[in-house]
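# Structure assessment
So you can see what is in the structure, the chains are spelled out below.
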Amino acid sequence: MTSELDIFVGNTTLIDEDVYRLWLDGYSVTDAVALRVRSGILEQTGATAAVLQSDTMDHYRTFHMLERLLHAPPKLLHQLIFQIPPSRQALLIERYYAFDEAFVREVLGKKLSKGTKKDLDDISTKTGITLKSCRRQVVEEMRGSLVDNIQQHFLLSDRLARDYAAIVFFANNRFETGKKKLQYLSFGDFAFCAELMIQNWTLGAVDSQMDDMDMDLDKEFLQDLKELKVLVADKDLLDLHKSLVCTALRGKLGVFSEMEANFKNLSRGLVNVAAKLTHNKDVRDLFVDLVEKFVEPCRSDHWPLSDVRFFLNQYSASVHSLDGFRHQALWDRYMGTLRGCLLRLYHD
């Protein structure tokens, strides 16, 4: 009795996206097989458990061999061992460097390295993300422009590169993000603020030749911010500023009475935040201060986001009409960024 066997030979490396995700999530072969069985793949394909086991192991071997290339993505593009179409190469890279929201929110603002095992053990337990996946997602610092470096070294999309830049920026400046009153904020909220600060408050914002230009806040700029304190220390300027804002917003805000009554406290809070940024501790507490000095007071008075936007726009612009105030450019650099951050932090 004879039987026929069809054989197909090819050199294109097959990538199963579902198995790749299981491997990235840190599951063992045994656990991955069990999850694939529960997904109903045996019924869908008519395969046996033994074939599924072999298929999973084969994919895992491929991913392990590819991993050293994924550590330096340009090498993946130029190697000849694995024949992988460009679209599949892009998928491998993007997913390898993608991160879990729960993990990155937990580590944001902390300096971690692959050697900090205890920290990663604790984060793994707290978030339910496997330790292997946590180790894969640790961000290493690089020198120079963050987004450009990340895109060149890791070939990531612009959005993912910017998210990684935000993580490195927060770690370098040790911003406090773990306090209870900040837990309502997502990684996306912090990444949005980081992008604004990178563009406007760093050394690179004024000198593109500076090393680590996107990671270091401009110390001279932070020192100069003390000059803004005249806006609240000078009673005449404070009263005139309030008058200009109230005149412009009367009849336009649903919370006008609350704004008028609390204007000086809000202004002192925003200006004092600027004046304190010469100290590392106050830089670290920037988001705590913004929530305490502005977000919580406005939220307690039930300001809708639209009124917050109207107020901040007018509050920022009206300073240009203050006679005797000579720090307009400094004010614009500060409030241009702060206004965007506050609008993102304010969840009404």
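This report concerns the structure included in the present document. Think of each chain on its own: its residues are numbered from 1, step by step along the sequence as written. Confidence filtering applies because this is a predicted model: local features only for residues at pLDDT of at least 70, side-chain atom pairs given and counted only at 80 or more, and all residues used for totals across whole chains, interfaces and linings. To obtain the side-chain values, all non-hydrogen atoms of the structure were used and water was disregarded.

### Quick look at unusual backbone geometry
How we decide: Burial classes follow relative accessibility: with a 1.4 Å probe on protein chains only, a residue under 20% of its type's maximum area counts as buried, one over 50% as exposed, and anything between as partly exposed. Labels follow the DSSP assignment, with helices taken as runs of H or I lasting at least four residues and strands as runs of E lasting at least two, numbered in each case from the N terminus.
The backbone of arginine 174 shows a phi angle near 55°, a positive value even though the residue is not glycine. Residue classification places arginine 174 among the partly exposed residues on the basis of a relative accessible area of 40%. In this structure, histidine 302 is a non-glycine residue whose phi angle is positive, near 65°. Within the element layout of this structure, histidine 302 appears in the loop between α18 (286-300) and α19 (305-317).

### Details of the nonpolar core
The condition that has to hold: Among buried residues, the Ala, Val, Leu, Ile, Met, Phe, Trp, Tyr and Cys ones that are joined through side-chain atoms within 4.5 Å form a nonpolar core. Contacts: residue pairs with any heavy atoms within 4.5 Å of one another.
In this structure, Met259, Phe287, Phe294, Phe311 and Tyr334 are the most contacted members of the largest nonpolar core, which totals 92 residues. Looking at this core, the element that brings in the most residues is helix α20 (residues 328-345), giving 9 residues. Once residues within four sequence positions are removed from consideration, phenylalanine 294 is found in contact with Leu266, Leu270, Asp289, Val308, Phe311, Leu312 and Leu342. Val107, Leu120, Ile123 and Ile129 belong to the second largest nonpolar core, which has 5 residues in total.

### Thoughts on the packing of aromatic side chains
Worth spelling out the cut-off: Only centres within 6.5 Å qualify two rings of Phe, Tyr or Trp (six-membered ring in Trp) as a pair; their planes then separate them into stacked at under 30 degrees, edge-to-face at over 60, and tilted for everything else. By definition here, charges over rings are those cases where NZ of Lys or CZ of Arg is within 6 Å of the ring centre and within 35 degrees of the ring normal.
With the rule as written, the count across this model stands at 21 aromatic pairs. For the pair tyrosine 20 and phenylalanine 63, a centre-to-centre distance of 5.0 Å together with 55° between the ring planes defines the contact as tilted. Taken together, the residues tyrosine 20 in helix α1 (residues 17-24) and phenylalanine 63 in helix α4 (residues 49-70) connect sequence positions 43 residues apart. In terms of burial, tyrosine 20 and phenylalanine 63 fall into one category: buried. An aromatic cluster is built from Trp201, Phe221, Phe263, Phe294, Trp303, Phe311, Tyr315, Trp331 and Tyr334, whose rings are joined through pairwise contacts. Arginine 299 extends its terminal NZ or CZ atom over the ring of tyrosine 184, reaching a point 4.8 Å from the ring centre. Sitting over the face of the ring of phenylalanine 221, arginine 333 holds its NZ or CZ atom 4.1 Å from the ring centroid.

### A short note on the side chain of threonine 337
The line we're drawing: N or O atoms within 3.5 Å of each other form a polar contact, as long as, within protein, one can give a hydrogen and the other can take it, and as long as residues adjacent in sequence are counted only when both atoms are side-chain atoms.
Secondary-structure assignment places threonine 337 in helix α20. A distance of 3.2 Å separates the side chain of threonine 337 from the side chain of asparagine 200, its partner in a polar contact. Those residues in contact with threonine 337 that sit more than four places away from it in its chain are Leu196, Met197, Asn200 and Trp201.

### Digging into the packing of helix α16 (residues 256-275) against α18
Selection rule: Throughout, an axis means a line fitted to C-alpha atoms (over the contacting stretch in the case of helices), and angles, computed between N-to-C directions, take values from 0 to 180 degrees. The cut-offs work like this: below 35 degrees is roughly parallel, past 145 is roughly antiparallel, 65 to 115 is roughly perpendicular, and the gaps in between are oblique. Polarity classes work like this: nonpolar for Ala, Val, Leu, Ile, Met, Phe, Trp, Tyr, Cys and Pro, charged for Asp, Glu, Lys and Arg, and polar for all others, with Gly in that last group.
One can describe the packing of α16 onto α18 by two numbers: an axis separation of 10 Å at closest approach and a directional angle of 170°. Classified by the interaxial angle, the pair formed by α16 and α18 is roughly antiparallel. Listed contacts from α18 to Asn262, Leu266, Gly269, Leu270 and Val273 of α16 are Leu286, Asp289, Leu290, Lys293, Phe294, Pro297 and Cys298. Residues of the contact of α16 with α18, tallied by class, amount to 8 nonpolar, 2 polar and 2 charged.

### Details of helix α12 (residues 187-200)
Keep this limit in mind: Any helix carries an expected span of 1.5 Å times its number of residues minus one.
An ideal rise of 1.5 Å per residue puts 20 Å on 14 residues; α12 measures up with 20 Å between its terminal C-alpha atoms. Inspection of α12 places Phe187, Asp189, Phe190, Ala191, Cys193, Ala194, Leu196, Met197 and Ile198 among the buried residues, and these make up the whole buried set.

### Some details on the environment of cysteine 298
For cysteine 298, the location among the structural elements is in helix α18. Using a relative accessible area of 1% as the deciding quantity, one classes cysteine 298 as buried. Taking the C-alpha atoms as reference points, cysteine 298 and leucine 266, separated by 32 residues in sequence, lie 8.8 Å from one another. With residues up to four places along the chain from it excluded, the contact list for cysteine 298 reads Leu266, Trp303 and Tyr346.

### Quick look at the environment of glutamate 258
When you line up the elements, glutamate 258 lands in helix α16. Looking at glutamate 258, the relative accessible area reads 31%, which means it is partly exposed. Spatially, the C-alpha atom of glutamate 258 lies 8.7 Å from that of cysteine 298, the residues being 40 residues apart in sequence. Excluding residues within four positions of it along the chain, glutamate 258 makes contact with Asp301 and Trp303.

### Quick word on the pattern of salt bridges
Definition in use: Salt bridges, as used here, are contacts in which a Lys or Arg side-chain nitrogen is within 4 Å of a carboxyl oxygen on Asp or Glu.
Counted under the stated rule, the structure contains 20 salt bridges. With a closest N to O distance of 3.6 Å, aspartate 289 and lysine 276 form a salt bridge. Here aspartate 289 is found in helix α18, whereas its partner lysine 276 is found in the loop between α16 and α17 (280-284), with 13 residues between them in sequence. Here lysine 276 falls in the partly exposed class, since its relative accessible area comes to 31%. If you follow the salt bridges from partner to partner, you end up with Asp158, Arg159, Arg162, Asp163 and Glu195 in one network.

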